[in-house]
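What the coordinates show
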Amino acid sequence: MMDWNDNSVEQEKTILLTKIGYLFGVVILGVVGIVIVAWYISYSEETQLEISHSPNKINSMEIVKKDDFPDPNIRITYGDKSIMKTKIPDKISIEWKNDYQATLILTKQGREPDIVEIEFDVN
């Protein structure tokens, strides 16, 4: 024969275990949510816009568009250096002066062109 105290203890155990289960469920959902958001923010798709080689193919320059959240930008990589620009150009022109100097012209419709002078280290 079960008395009233035994039934009450079982109910309290059940309630406690249910609360612990809900707590773990919320914690797990929170962690999964944070991981998904962090992965989305860190994941950015890159698109190569331009690659150019110096006249004698000694140096090269690569322009890549990064679709970062919330604003995309471009990365100009040359030698062991890189430059980030926040305005995505409509047109990219690269004029090599020699194997170690180049002029990068980023043109956006309706704006003055952004001119970047690039100098490579001479070994």
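Comments concerning unusual backbone geometry
Its identity as a non-glycine residue notwithstanding, Lys-57 has a phi of 60°, on the positive side. As for its position among the elements, Lys-57 is in the loop between β1 (46-53) and β2 (60-66). For Lys-57, a relative accessible area of 64% corresponds to the exposed category.

Details of the sheet that holds strand β6 (residues 101-107)
The sheet built from 3 strands is open, its strands ordered β5-β6-β7 with antiparallel pairing. Each edge of the open sheet carries a strand with a single partner, namely β5 (91-96) and β7 (114-119). If you compare each strand with its neighbour and ignore which way they point, the axes differ by 20° on average. Bridge count between β5 and β6: 6 bridges; the pairing is antiparallel. Pairing of Ile-92 across the sheet is with Leu-106, part of β6.

How each quantity is defined
- Residues numbered from 1 in each chain as written.
- Predicted model: local features only at pLDDT ≥ 70, side-chain atom pairs only at ≥ 80, totals over all residues.
- Heavy atoms only, no water.
- Helix = DSSP H or I, 4+ residues; strand = E, 2+ residues; numbered from the N terminus.
- Buried < 20%, exposed > 50% of the residue type's maximum accessible area, 1.4 Å probe, protein only.
- Pairing = 2+ DSSP bridges.
- Axes fitted to C-alpha atoms, helices over the stretch in contact; angles between N-to-C directions.

Any link to function would need more than the numbers given here.
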